[in-house]
Amino acid sequence: MKTQKKIEILQKMIQINSVNNNETQVADYISSLFSPYPDVDIQKINYAPNRDNLVLTIGKNKGPILGLSGHMDVVAPGNRADWNYDPFAAVIADHKIYGRGATDMKSGLAALVVTLLELLEQKVDLPGKLRLLATVGEETGEYGAAQLTKQGFADNLAGLIVAEPTSRMQKIVYTARGVIDYKVISYGKAAHSAEPQHGINAIDNLIVFYHLALERLLKFTETDAVLGGVTHSITKIKGGEQVNSIPSYAELMGNIRTIPAYPNQYFYDELESIIAELNQKEGFKLAIAYSFPEEAIAGNPDSRIIQLAQKTHLQVLGSVAKVTGSSGANDGAEFLQAKGHFDSIEIGPGSATSHQSNEYVEIDDYLNAINFYKQFALDFLKDKQIQTDYTGID
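### Considering empty space enclosed by the protein
Under the defined criterion, the tally for this structure stands at one cavity of 30 Å³ or more. For the largest cavity, the calculated volume is near 50 Å³. Lining the largest cavity are Val162, Val173, Tyr174, Thr175, Ala176, Ile297, Asn330, Ser344, Ile345 and Glu346. Sorting the residues of the lining of the largest cavity by element identifies strand 8 (171-176) and strand 18 (343-346) as the ones contributing at least two each.

Below is the structure:
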């Protein structure tokens, strides 16, 4: 495939506005690129209106299946006055492509797509299969990946590569923090502020929870050599009706970043014990809910997939990649819950501009990613140890 075509594919993806929605248009565009190849297995899995996951598999031979993971949604561009270019124009300037999702993570997704297209164009006889898992809703909870996992699309993989940005392809991530987003609602009783004794102040009760939660989660003191310690922040709070009324409703949201030493259940138990304790007190009525929590990825820095990725990195990019961890969660946390046992890595193109105005990717990084993924896919599927260890059923 000519370089200009590779660049145009990424530009087209960026030009599709898929801000926390509308992933179907991205899925349809990717599917259209594979229409000349009738042997490609293409499945769209609907999540909601205008929100379709895409699963695309190439390769006829029985053997290991390598999963390739990328999400199609992006975050909102924010204040457009802060952008030098239209965030959905995919402008090229200074050897960079600018736009929302250029780094996070349409460049990684496009690189995976081009990798598959080039292997098909060149009629490479794969000793196994490659499966693209393009998801909805990663930015707001990995629920596309959760859906695909529940429906079996990640079962019995031999390995998984997640194309999230990793410092211009210079890092290979094998471990990642988990995440718990939670909401606590406090129900009170409205009254005139001149007669507060007739009401129940929902904000006051919520603040009691606030302080207890911050205090009691401090006991999770273990640290991970790569990921560090647990973090817990109250990130959003609102409540009340008007200034001269005792508030009957208040809510807060908290964010916990976990490490492998502490499964998420530890935090559920702690938070829910605080809720139960306070609800025993007169006037308290609290409830808690969670939004698509993800377990931490422990990973194995000595796994075969890491060894192969390091070898390919040196061969293709001419440098030794740093094997490390990530403070953020990714779709791999969901896919790793599939049937079978496999390891995952995270490596992808992109700059340090994720979620920022003037987000961009270096064109050379994007093209390097394609070269890396293509060679890595072949190295992985041909590897004797991977073939020997693979027991999956396709």
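From this point, the narrative continues.
### Considerations on the layout of surface pockets
In this structure, the largest pocket occupies an estimated 860 Å³ of space. As for the largest pocket, its lining consists of 33 residues, and the residues nearest its centre are Asp104, Ser326, Ser327, Gly328 and Ala329. Of all the elements in the fold, those that place two or more residues in the lining of the largest pocket are strand 8, strand 9 (178-187), strand 15 (249-258) and strand 17 (322-326). Residues of the lining of the largest pocket, tallied by class, amount to nine nonpolar, 15 polar and nine charged.

### Some remarks on the sheet that holds strand 4 (residues 92-93)
Ordered by their spatial adjacency, three strands build an open sheet running 4-5-19, and the pairing between neighbours is antiparallel. A strand with exactly one partner marks an edge of an open sheet, and here the two such strands are strand 4 and strand 19 (360-362). Contacts between helix 1 (residues 3-15) and the sheet are confined to strand 4, strand 5 (96-98) and strand 19, with strand 5 contributing the most and set at about 20 degrees to the helix. Strands in contact with helix 9 (residues 363-382) are strand 4, strand 5 and strand 19; relative to strand 19, the strand with the most contacts, it is inclined by about 65 degrees.

### Remarks on the nonpolar core
Counting 81 residues, the largest nonpolar core has Ile30, Phe34, Leu130, Leu132, Tyr373 and Phe376 as the members making the most contacts within it. If near-sequence neighbours (up to four positions away) are discounted, Leu130 is found in contact with Leu56, Thr57, Ile58, Leu66, Leu68, Leu116, Leu119, Ala377 and Leu381. Counting 25 residues, the second-largest nonpolar core is a separate cluster that includes Ala202, Phe209, Leu212 and Tyr268.

### Quick word on helix 7 (residues 304-317)
When the terminal C-alpha atoms of helix 7 are compared, their 19 Å separation across 14 residues agrees well with the 20 Å that a helix rising 1.5 Å per residue should span. Burial in helix 7 covers these residues: Ile305, Ile306, Leu308, Ala309, Thr312 and His313. Within helix 7, the buried residues cover an arc of 160 degrees as seen down the axis, which keeps them to one side. One or two positions beyond helix 7, positive phi appears at Gly318, with a value near 75 degrees.

### Re the side chain of Glu362
Within the fold, Glu362 resides in strand 19. Every residue in contact with Glu362, bar those within four places of it in the chain, is listed here: His95, Lys96 and Arg168.

### Considerations on the environment of Asp364
Residue placement: Asp364 occurs in helix 9. Along the chain, Asp364 and His95 lie 269 residues apart, while their C-alpha atoms are 7.7 Å from each other.

### Considerations on a nonpolar patch on the surface
Taken together, the side chains of Ile203, Ile207 and Ile237 make up a nonpolar region of the molecular surface, amounting to roughly 220 Å² of accessible area. Mapped onto the secondary structure, Ile207 falls in helix 5 (residues 202-216).

### Side note on the packing of aromatic side chains
What the rule picks out here adds up to 15 aromatic pairs. With centroids separated by 5.1 Å and ring planes inclined at 75 degrees, the aromatic side chains of Phe220 and Tyr262 adopt a geometry described as edge-to-face. One end of the pair, Phe220, is in the loop between helix 5 and strand 11 (223-224); the other, Tyr262, is in the loop between strand 15 and helix 6 (264-279), and 42 residues separate them in sequence. Relative accessible area serves as the criterion here: at 10%, Phe220 is assigned to the buried category.

### A few points about the sheet that holds strand 15
Taken together, four strands build an open sheet; the order of strands is 13-15-9-16 and the sheet is antiparallel. The open sheet terminates on both sides in strands that have one partner only, identified here as strand 13 (231-239) and strand 16 (286-290). For this sheet, the mean angle separating the axes of adjacent strands, direction not counted, is 20 degrees. Where strand 9 lies against strand 16, five bridges are found, and the strand directions are antiparallel.

### Focus: unusual backbone geometry
Cis peptide bonds are those with omega within 30 degrees of zero, and the linkage from Asp104 to Met105 qualifies with -15 degrees. Here Met105 is to be found in the loop between strand 5 and helix 3 (106-121). Backbone geometry at Asn20 places phi at a positive 50 degrees, although glycine is not the residue there. Take Asn20: it is sitting in the loop between helix 1 and helix 2 (23-33). A positive phi angle, close to 60 degrees, is found at Arg168, a residue other than glycine. Among the secondary structure elements, Arg168 is positioned in the loop between strand 7 (159-162) and strand 8.

### Quick notes on the pattern of salt bridges
Scanning all chains against the criterion turns up 14 salt bridges. Linking Asp86 and Arg80 is a salt bridge whose minimum nitrogen-to-oxygen distance equals 4.0 Å. Exposure remark for Asp86: the relative accessible area of 42% places this residue in the partly exposed category. A relative accessible area of 44% places Arg80 in the partly exposed class. One salt bridge connects Arg304 with Asp383, and the closest N-O pair in it is separated by 2.6 Å. One end of the pair, Arg304, is in helix 7; the other, Asp383, is in the loop between helix 9 and helix 10 (384-389), with 79 residues separating them in the sequence. Assessed through its relative accessible area of 26%, Arg304 is described here as partly exposed. Residue classification places Asp383 among the buried positions, given a relative accessible area of 10%. Among the ionic contacts, a cluster of salt bridges with common partners joins Lys6, Glu118 and Lys374.

Parameters and conventions
- Residues numbered from 1 in each chain as written.
- Predicted model: local features only at pLDDT ≥ 70, side-chain atom pairs only at ≥ 80, totals over all residues.
- Heavy atoms only, no water.
- 1 Å grid on protein atoms, 1.4 Å probe; cavity = no way out; pocket = protein on both sides within 12 Å on 5 of 7 lines; lining within 4 Å.
- Points joined across faces, edges and corners; volume = space filled by probe spheres on them.
- Helix = DSSP H or I, 4+ residues; strand = E, 2+ residues; numbered from the N terminus.
- Nonpolar A, V, L, I, M, F, W, Y, C, P; charged D, E, K, R; others polar.
- Pairing = 2+ DSSP bridges.
- Contact = heavy atoms within 4.5 Å.
- Axes fitted to C-alpha atoms, helices over the stretch in contact; angles between N-to-C directions.
- Core = buried A, V, L, I, M, F, W, Y, C linked by side-chain atoms within 4.5 Å.
- Buried < 20%, exposed > 50% of the residue type's maximum accessible area, 1.4 Å probe, protein only.
- Expected span 1.5 Å × (residues − 1).
- Arc of directions from axis to C-beta.
- Patch = residues over 30% accessible without salt bridge, like charges linked within 9 Å, V, L, I, M, F, W, Y side chains within 5 Å.
- Areas by Shrake-Rupley, 256 points an atom, 1.4 Å probe, with all protein chains shown as cover.
- Salt bridge = Lys/Arg side-chain N within 4 Å of Asp/Glu carboxyl O.
- Phe/Tyr/Trp six-rings, centres within 6.5 Å; stacked < 30°, edge-to-face > 60°.

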